[in-house]
There are 2 protein chains.
Amino acid sequence: MNKRTGKQTVTFGTPPVITATAAIVGSKEGQGPLRAYFDQIVEDTMWEMDSWEQAESKFQRVTFANALAKSGHKADDLQYILGGDLLNQCAGTSYGQREAGIPFLGLYGACSTMALSLAVASMLVDGGYATCTAAVTSSHFCSAERQFRFPLEYGGQRPPTAQWTVTGAGCAIVEQAGNGPRVETYTAGKIKDMGIKDANNMGAAMAPAAADTLAAHFQDTGRQPADYDLILTGDLGSVGSDILIDMLKEQGYDISQNHNDCGLLIFDSQKQDTHAGGSGCGCSAATFCGYIYDQLKRQNIKKVLFAATGALMSTTTVQQGESIPGIAHAVSILA
Amino acid sequence: MNKRTGKQTVTFGTPPVITATAAIVGSKEGQGPLRAYFDQIVEDTMWEMDSWEQAESKFQRVTFANALAKSGHKADDLQYILGGDLLNQCAGTSYGQREAGIPFLGLYGACSTMALSLAVASMLVDGGYATCTAAVTSSHFCSAERQFRFPLEYGGQRPPTAQWTVTGAGCAIVEQAGNGPRVETYTAGKIKDMGIKDANNMGAAMAPAAADTLAAHFQDTGRQPADYDLILTGDLGSVGSDILIDMLKEQGYDISQNHNDCGLLIFDSQKQDTHAGGSGCGCSAATFCGYIYDQLKRQNIKKVLFAATGALMSTTTVQQGESIPGIAHAVSILA
């Protein structure tokens, strides 16, 4: 049995179906250009919980429940939940999925988690290990800021390269049969570290990983950027997107005509003061599970290459003067 | 294609082979009962690096390199490295595998990571998505203590239920063909939280998850505990092991005759003052990849059920008064 296409890509024999998705976001995301595509917009940053961390878990829990309900399945029909998040020890997911009663495979891909979880779910479904799975992730501006940067009360200045962590969650139900867009290929990412040390410039840290994974995808499949309606990166924002386009141009791939980025789509950076764009696991999760999934269902997009990107540092490694490794995982999805 | 056995278990059609392993540990582990089974014992807690976190990454990097060399493969032969660890944002793994140049799937299972990574690697190999993979994890007493508990310089007292985080790493090469023990089944764990809030009693927090996964395994496969030479839990230590045995007895499964725990094996708790035993991702990793793999190769153990356990809390969730969710993933391995 060989399902491999080239060095880094697998092609699914029976492309798994994304039968349902859900996306729930916070207030600021609900004021952005994608507001019509979310299941729910939660105005209260605490969502009636006692902490932002508990609120983030609630985003995951309710988003999963929504996606499950839309799929018509009961929890008992699922063999695996695959998920992770940015909080220390992936606590957003562990506590968010604590009561699901479904076998749980914890993943860590930082902001690439939506693509990573879709990819692993697809391999388990196509491989015959599951008939139905959920891929889920979340982030929360307030829990991320105080963990990675400063207490919110401090009111620190943000440089123009900084991105705004999305408050939100996305969940996709990935299964063997049913109607919906299909996951066709997966190109797994390598860790790339070009020496960027500025934790306020994640886009630059992640762009080389995105370029590496996308170039590998084109080489492995023999495709060109124009073969896709949309090449969608996770959360490079404006700085990282420009770098990505330049890096791929040097390798002979021009994605400038059909590239977009979840971090650019989810906010109106000019009006919403989000600087270089959105970020966080919830950024690509809510954009993909909300807006992109809708566009695939309506056949407005027929073929998307979704490459979510993650920065794999911690506050400890940054404080110790380490550079920031990036990773990008890409799945191609057909309407 | 249906490879499922019961609700939570998959059975591999072509059981993946663990063709090589490596285990490297620190000084205290090197003074313990398993000292003869490790590839290397590193006396310097910093291992010539600038921080304990960098040292933990070096444990992973060198352990992976050793396992790869023993397997006779070059890095280019591997399609995936699967790994994770306990440091915030799994930094031990991201930085440890940064230069590997191999597609990387990040996992988060806390101390269950060795079994989780073996399980996911096995599904990807058996499913035809990879011919050769590496499953790897690590922990470090010093980086864990200062992240989860107190600065080492503080010299805090440790209660009798506390466990000692193992300094060490383990890596297994899991592939389609070759000679070595084979991964036969995987029983995926559900998150279980029985309300334990004492972060110095991880064994009690994780025991219900271990009981749940093991009971599911016996139910799914129709097997009895006596069908295994050894039922090996990850790092329940003495407190958790006693709870596990009692919980399973109530469900009709007596594992008292053939159960052991990596946390009990790796240290001589009486002589080494490690209280309830060892813990950390490196505990089950070094015990499995060092001692147990050797016993399987020598056919001293012919059939082991390896259920590594993880506690999925963070310092933030504990400080916020949350209880500690546990998880256990079980793989059965034949000599």
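Note that the coordinates shown come from a computational prediction; the quantities given were computed from them, not determined experimentally. (Residues numbered from 1 in each chain as written. Chains lettered and ligands numbered in written order. Predicted model: local features only at pLDDT ≥ 70, side-chain atom pairs only at ≥ 80, totals over all residues.)

1. A word on the overall build of chain A
In step 1: The helix and strand tally for chain A stands at eleven helices and 15 strands.
In step 2: Oriented by its inertia axes, the alpha-carbon framework of chain A measures out at about 55 × 50 × 35 Å.
In step 3: For chain A, contacts bridging at least 24 residues in sequence account for 80% of all contacts bridging at least 6. (Helix = DSSP H or I, 4+ residues; strand = E, 2+ residues; numbered from the N terminus. Contact = placed C-beta atoms within 7 Å.)

2. Side note on the interface of chain A and chain B
In step 1: Each side of the interface is counted separately: chain A has 50 residues, and chain B has 50 residues.
In step 2: Only strand S5 (80-85), helix H3 (91-96), strand S6 (104-106), helix H4 (113-126) and helix H11 (315-319) of chain A provide two or more residues apiece to the side of chain A that touches chain B.
In step 3: Here the side of chain A that touches chain B takes four residues from H4 of chain A, the largest share from any one element.
In step 4: A breakdown of the residues in the side of chain A that touches chain B according to their chemical character gives 25 nonpolar, 19 polar and six charged. (Nonpolar A, V, L, I, M, F, W, Y, C, P; charged D, E, K, R; others polar.)

3. Some words on the relation of the copies chain A and chain B
Put simply, the two copies of the chain differ by a rotation about an axis and a shift along that axis.
In step 1: Each copy of the sequence occupies a distinct position, and chain A is placed on chain B by a rotation of 180° and an axial shift of 0.0 Å, giving an RMSD of 0.0 Å. Interpreted geometrically, this transformation is the action of a two-fold axis. Looking at the rotation axis and the C-alpha trace of chain A, the residue lying nearest is leucine 107 of chain A, at 2.0 Å.
In step 2: The overlap is high: 100% of the interface residues of chain A also sit at the interface in chain B, so the same surface is used on both sides. (Least-squares fit on C-alpha atoms with pLDDT ≥ 70 in both.)

4. Describing the environment of phenylalanine 306 of chain A
All names here are of chain A.
In step 1: Positionally, phenylalanine 306 belongs in strand S14 (residues 303-311).
In step 2: You can call phenylalanine 306 buried: it has 25 C-beta atoms within 10 Å.
In step 3: Measuring from C-alpha to C-alpha, the distance between phenylalanine 306 and valine 331 comes to 5.3 Å, with 25 residues separating the pair along the chain.
In step 4: Residues in contact with phenylalanine 306, not counting those within four places in the same chain, are Ala115, Leu232, Phe288, Ala330, Val331 and Ile333. (Buried ≥ 20, exposed ≤ 12 C-beta atoms within 10 Å, placed from the backbone.)

5. A word on the environment of serine 139 of chain A
Residues and elements named next belong to chain A.
In step 1: Within the secondary structure, serine 139 is located in strand S7 (residues 132-139).
In step 2: Look at serine 139 and you get buried, because 32 C-beta atoms sit within 10 Å.
In step 3: In the structure, serine 139 is positioned 79 residues away from glutamine 60 in sequence and 8.9 Å away in space, judged by C-alpha atoms.
In step 4: Excluding its chain neighbours within four sequence positions, the residues that come into contact with serine 139 are Asp85, Leu86, Ala144, Thr165, Val166, Gly280, Cys281 and Gly282.

6. Overview of the pairing of strand S14 (residues 303-311) of chain B
All names here are of chain B.
In step 1: Burial runs high along S14: eight of the nine residues are buried.
In step 2: Direction of pairing for strand S11 (residues 230-233) relative to S14: parallel, over a ladder of four bridges. By the bridge assignment for S14, threonine 233 is matched with alanine 307.
In step 3: Where S14 meets strand S15 (residues 326-334), nine bridges bridge the pair, whose relative direction is antiparallel. Each residue of the ladder has a partner; that of valine 304, found in S15, is isoleucine 333. (Pairing = 2+ DSSP bridges.)

7. Points about unusual backbone geometry
In step 1: The phi dihedral of histidine 275 of chain A falls on the positive side, at around 55°, and the residue is not glycine.
In step 2: With respect to the helices, strands and loops of the structure, histidine 275 of chain A is situated in the loop between helix H9 (269-272) and strand S13 (278-279).

8. What about helix H6 (residues 202-221) of chain A?
Residue and element names in this part refer to chain A.
In step 1: Over its 20 residues, H6 runs 29 Å from end to end, which matches the ideal 28 Å to within 8%, given 1.5 Å per residue.
In step 2: Extensive coverage of H6 is indicated by the burial of 16 of its 20 residues.
In step 3: At the exit of H6 stands glycine 222, carrying a positive phi of roughly 70°. (Expected span 1.5 Å × (residues − 1).)

9. Looking at the confidence of the model for chain A
In step 1: On average, residues of chain A score 96 in pLDDT, and 99% of them reach the 70 mark or higher.
In step 2: Here the predicted complex carries an ipTM of 0.97, next to a pTM of 0.98. (pLDDT = per-residue confidence, 0-100.)

10. Some remarks on the environment of arginine 158 of chain A
Residues and elements named next belong to chain A.
In step 1: Locating arginine 158 in the fold gives a position in the loop between helix H5 (141-148) and strand S8 (164-165).
In step 2: For arginine 158, a count of 16 C-beta atoms within 10 Å gives the class partly exposed.
In step 3: Separated by 98 residues in sequence, arginine 158 and glutamine 60 have C-alpha atoms that sit 27 Å apart.

11. A word on the domain arrangement of chain A
All names here are of chain A.
In step 1: In terms of domain boundaries, chain A breaks down into domain 1 (4-175) and domain 2 (182-334).
In step 2: On a C-alpha basis, the centroid separation for the pair domain 1 and domain 2 is 17 Å.
In step 3: Across the boundary between the two partners, domain 1 contributes 59 residues, which contact 60 residues of domain 2.
In step 4: Where the side of domain 1 that touches domain 2 is concerned, the elements lending two or more residues are strand S2 (9-11), strand S3 (17-26), helix H1 (27-30), H4, S7, H5, S8 and strand S9 (168-175).
In step 5: The residue makeup of the side of domain 1 that touches domain 2, split by class, is 33 nonpolar, 21 polar and five charged. (Domains from an automatic or database assignment.)

12. Comments concerning the pairing of S5 of chain A
All names here are of chain A.
In step 1: Buried residues dominate S5, accounting for six of its six residues.
In step 2: What you see with S5 is no split at all: Tyr80, Leu82 and Gly84 on one side and Ile81, Gly83 and Asp85 on the other are buried throughout.
In step 3: Both S5 and S7 contribute to a ladder of six bridges, which runs parallel. Counterpart to leucine 82 in the pairing with S7 is alanine 135.
In step 4: Here S5 pairs with S6 via three bridges, running parallel.

13. As for the packing of H6 of chain A against helix H7 (residues 237-250) of chain A
Residues and elements named next belong to chain A.
In step 1: Across the interface, H6 lies against H7 with an axial gap of 8 Å and an inter-helix angle of 40°. Here H6 runs over H7; the crossing is right-handed. Packed against H6, whose contacting residues are Gly203, Ala204, Met206, Ala207, Pro208, Ala210, Ala211, Leu214 and Ala215, the element H7 presents Gly237, Val239, Gly240, Ile243, Leu244, Met247 and Leu248 at the interface.
In step 2: A per-class count over the contact of H6 with H7 returns 13 nonpolar, three polar and no charged. (Axes fitted to C-alpha atoms, helices over the stretch in contact; angles between N-to-C directions. Left-handed = near helix turned anticlockwise from the far one by under 90°.)

14. What to know about H4 of chain A
Residue and element names in this part refer to chain A.
In step 1: End to end, H4 covers 19 Å across 14 residues, agreeing with the expected 20 Å (1.5 Å per residue, within 8%).
In step 2: Most of H4 sits out of view: 14 of its 14 residues are buried.
In step 3: Just downstream of H4, glycine 128 is the residue with a positive phi angle, here 90°.

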